[in-house]
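An overview of the molecular structure
These are the residues of each chain, in order.
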There are 2 protein chains.
Amino acid sequence: MPSKKLGRQTVALANPPAIIGHANVVGKKEGDGPLADSFDHIEQDDTFGEKTWEKAETAMQKMAFASALDKAGQAASNLDYLFAGDLLNQCIGSAFAVRGQDVPFFGLYGACSTMGESLSLAAMSIDGGFAQFAGAVTSSHFCSAERQYRTPLEYGGQRTPTAQWTVTGSGAVILAKEGPGPYVTHITTGKVVDKGIKDANNMGAAMAPAAYDTLTAHFKDTGRQPSFYDLIVTGDLGKLGKEILLDFFAQDGIELTNYDDCGTMIFDLKKQDVHCGGSGCGCSATVLTGYLLNGMREGKWSRILFCPTGALLSPTSTQQGESIPCICHAVAISMSK
Amino acid sequence: MPSKKLGRQTVALANPPAIIGHANVVGKKEGDGPLADSFDHIEQDDTFGEKTWEKAETAMQKMAFASALDKAGQAASNLDYLFAGDLLNQCIGSAFAVRGQDVPFFGLYGACSTMGESLSLAAMSIDGGFAQFAGAVTSSHFCSAERQYRTPLEYGGQRTPTAQWTVTGSGAVILAKEGPGPYVTHITTGKVVDKGIKDANNMGAAMAPAAYDTLTAHFKDTGRQPSFYDLIVTGDLGKLGKEILLDFFAQDGIELTNYDDCGTMIFDLKKQDVHCGGSGCGCSATVLTGYLLNGMREGKWSRILFCPTGALLSPTSTQQGESIPCICHAVAISMSK
């Protein structure tokens, strides 16, 4: 078997898997934002009819998964693997969403980078000859995340200027060995990068170095210039993290003119009181499965580099004075193989 | 590329990866147990010289990983991927252990099944042509787990008869495309199984149906009889879960004479006051990387079916009255390809 490795961190898939279905579900606030048209389902009731926020997140993830399967014309029982994860302690959003579904399951934790991680592993499972069909699903919910990472909503805690707003949303992608594009062509897997940021309310600054590290590795490994892509998009660096990333590249003499961040795209930062922008596994997942993949199908872009970012902290590690380890995975998606 | 799929849940690896290094580190209580001789390092101080239990777990995981790399004669910078996970909220044991290491990282959450999940994905990354070398690491620590899942140690909470004792230990495996055995030959990926058990102090009963489901799938998919293996070993069903699994097979007219459970092997259940036995990611990981793989190399067994089990609950899901979704991944390990 020929090696698929390009440099240290990147693989080029020999037979790029096709994205045959993608769908998302979001909450009311996301539905009030600039990307409203790209969401499959906007739920006005953030409880999703459930008694707890955690169960609401599970319900939302099940809806997104079912919808993506439906669009792909597949049943869960046709999937060889499902790769899923979320932000909740012990990833219960995903474990409970997949309960009762007839599908072999790999649970992941990559914080807000999980859509990149799940997409990478799902694509590799197909390209490696282990699967015909594989799914990648992830979610986050503002209310379950707030009370777990910060304070219960009832407390009404004030947010710092660098804080971000956890997206209530779930995105699901179904990949297949054969099918029309878009295709997953390259995967650059991130290393854990920690530059010493300790402020859990400034994740953009913590994650930007990880995004820079992975993007730099991707360009080096593939020999591609940033301009090769019609759009390079990070997960949830937010306004500040995005500026920091642009600064890093400027120091290398590179001006990223084709770059944006899902965290700044999903909300109207001026009107929606979300400070530095959106965050959470659901942020990059819903932007990918709506605005980005729809746009590719409509001919808006033919080559995208999708780079979700994750802050691998916990409330315990923050209380113990630790800085924040971060990671970013890059997935190249193209309309042609 | 020829399909590697056997039936619904199993893949047969075309070029079974070799286990070129394996190591473990455990705490004092594990070192007082019947498998003491099989551990590479028994630490008498469960703090591992750190100020918190979480940092102790990270330190322990770093030691196990470094030791496995050393035995494999490899540096972290030679690994194409590291697959790692643990039980702590947001998997901080692993994220902090891998911080600063030069290796592309996939974080996993499979509760106590994580050694099966990481071994599966590491082997698939090599067999699929994406890697020459890959690592699988996991850990658990009694003290970090107790205060997270149950009560702080200082509380002195009483344990129910069906409770298990979280193993303080970490195991690491380094896989390579080429090398002397043992080899990872088959992987059966589990589905989430939940038969309605709600008692978080009876995880053996909750997990046994998942183990039965995966084992049954493995035998069906491969056409192998249980007797094909010299030893079939589950992760941490403990005394009660083990009896339940034997009962399930007895109802199918199958007597499993070559079966044991890491949770009952790692401690002396009569003398060590651990009620139903050991549990935690570190349980199956340390038994695999010591007693089992050492035994294979010494000629004790030539074919093993390693089946770690995981309970995908959280304290929050238990408080919300949910039952416990469980999973089991089976990995066939053989001295010959």
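As the structure is a computational prediction, the values presented were derived from the model and not from experiment.

Rules used in this analysis
Residues numbered from 1 in each chain as written. Chains lettered and ligands numbered in written order. Predicted model: local features only at pLDDT ≥ 70, side-chain atom pairs only at ≥ 80, totals over all residues. Helix = DSSP H or I, 4+ residues; strand = E, 2+ residues; numbered from the N terminus. Buried ≥ 20, exposed ≤ 12 C-beta atoms within 10 Å, placed from the backbone. Contact = placed C-beta atoms within 7 Å. Pairing = 2+ DSSP bridges. Least-squares fit on C-alpha atoms with pLDDT ≥ 70 in both. Core = buried A, V, L, I, M, F, W, Y, C linked by C-beta atoms within 7 Å. Nonpolar A, V, L, I, M, F, W, Y, C, P; charged D, E, K, R; others polar. Domains from an automatic or database assignment. Expected span 1.5 Å × (residues − 1).

1. Regarding the overall build of chain A
Scanning chain A from terminus to terminus reveals 10 helices and 17 strands. For chain A, the spread of C-alpha atoms along the three principal axes comes to 55 × 50 × 35 Å. Buried positions account for 64% of the 337 residues belonging to chain A. The long-range fraction of contacts in chain A, counting pairs at least 24 apart against all pairs at least 6 apart in sequence, stands at 79%.

2. Looking at the pairing of strand S17 (residues 330-334) of chain A
Residues and elements named next belong to chain A. Extensive coverage of S17 is indicated by the burial of 5 of its 5 residues. Of the two faces of S17, the one carrying Ala330, Ala332 and Ser334 and the one carrying Val331 and Ile333 are both buried. Pairing between strand S10 (residues 183-188) and S17: 5 bridges, direction antiparallel. Pairing of Val184 across the sheet is with Ile333, part of S17. Here strand S14 (residues 303-307) runs beside S17; their pairing, made up of 4 bridges, is antiparallel. Across the sheet, the residue bridging to Phe306 is Val331, located in S17.

3. Side note on the relation of the copies chain A and chain B
Note on the identical chains: chain A maps onto chain B by a rotation of 180 degrees and an axial translation of 0.0 Å, with an RMSD of 0.0 Å. Taken together, the rotation and translation describe the operation of a two-fold axis. A symmetric contact is evident, with 100% of the interface residues of chain A recurring at the interface of chain B.

4. Overview of unusual backbone geometry
Backbone torsion omega between Gly181(A) and Pro182(A) reads 5 degrees, so that peptide bond is classified as cis. The phi angle at Gln90(B) is positive, at roughly 60 degrees, despite the residue not being glycine. Relative to the helices and strands, Gln90(B) is located in the loop between strand S5 (81-86) and helix H3 (92-98).

5. Points about the nonpolar core
Counting residues in each nonpolar core, the largest one holds 236 residues, and the members touching the most others are Leu175(A) and Leu175(B). With near-sequence residues (within four places) excluded, Leu175(B) lies in contact with Pro17(B), Ala18(B), Ile19(B), Ala122(B), Ala123(B), Ile126(B), Phe133(B), Ala134(B) and Val184(B).

6. Examining the interface of chain A and chain B
Taken together, the contact between chain A and chain B spans 53 residues of the former and 53 residues of the latter. For the side of chain A that touches chain B, the secondary-structure elements that each account for two or more residues are strand S5 (81-86), helix H3 (92-98), strand S6 (105-107), helix H4 (114-127) and helix H10 (315-319) of chain A. In terms of residue count, the dominant contributor to the side of chain A that touches chain B is H4(A) (5 residues). In terms of residue class, the side of chain A that touches chain B is built from 25 nonpolar, 17 polar and 11 charged.

7. Remarks on the domain arrangement of chain A
For an interface, size is often stated in terms of accessible area lost upon the parts coming together. Residues and elements named next belong to chain A. Taken as a whole, chain A is organised into domain 1 (5-176) and domain 2 (183-334). If you average the C-alpha positions of domain 1 and of domain 2, the two centres end up 17 Å apart. Taken together, the contact between domain 1 and domain 2 spans 59 residues of the former and 58 residues of the latter. Sorting the residues of the side of domain 1 that touches domain 2 by element identifies strand S2 (10-12), strand S3 (18-26), helix H1 (28-31), H4, strand S7 (133-140), helix H5 (142-149), strand S8 (165-166) and strand S9 (169-176) as the ones contributing at least two each. Per element, the largest residue contribution to the side of domain 1 that touches domain 2 is 8 residues, and it comes from H4. Grouping the constituent residues of the side of domain 1 that touches domain 2 by class yields 29 nonpolar, 23 polar and 7 charged.

8. So, the environment of Leu87(A)
Residues and elements named next belong to chain A. Here Leu87 lies in the loop between S5 and H3. Separated by 62 residues in sequence, Leu87 and Tyr149 have C-alpha atoms that sit 9.5 Å apart. Sequence-distant contacts of Leu87, defined by excluding residues within four places in its chain, comprise Ala111, Ser140, Ala145, Gly280 and Cys281.

9. Here's the deal with helix H6 (residues 203-222) of chain B
Residue and element names in this part refer to chain B. Over its 20 residues, H6 extends 28 Å from the first C-alpha to the last, a length consistent with the 28 Å expected when each residue adds 1.5 Å. Taking burial as the measure, the 20 residues of H6 include 16 buried ones, the bulk of the element. Backbone geometry just after H6 places Gly223 at a positive phi near 75 degrees.

10. Re the environment of Phe105(A)
Residue placement: Phe105(A) occurs in strand S6. On the basis of neighbour count, Phe105(A) is assigned to the buried category, with 25 C-beta atoms found within 10 Å. When the C-alpha positions of Phe105(A) and Ala84(A) are compared, they lie 7.8 Å apart, and in sequence the two are 21 residues distant. Setting aside residues up to four positions removed in sequence, Phe105(A) forms contacts with Leu82(A), Val98(A), Gly190(B), Lys191(B), Val192(B) and Ile327(B).

11. Digging into the pairing of S9(A)
Residue and element names in this part refer to chain A. Within S9, 8 of the 8 residues are buried, leaving the element largely enclosed by the surrounding structure. On S9, burial covers both faces: Gly169, Gly171, Val173 and Leu175 on one face and Ser170, Ala172, Ile174 and Ala176 on the other are all buried. Both S7 and S9 contribute to a ladder of 8 bridges, which runs antiparallel. Note that in S9 the partner of Val137 across the bridge is Ala172.

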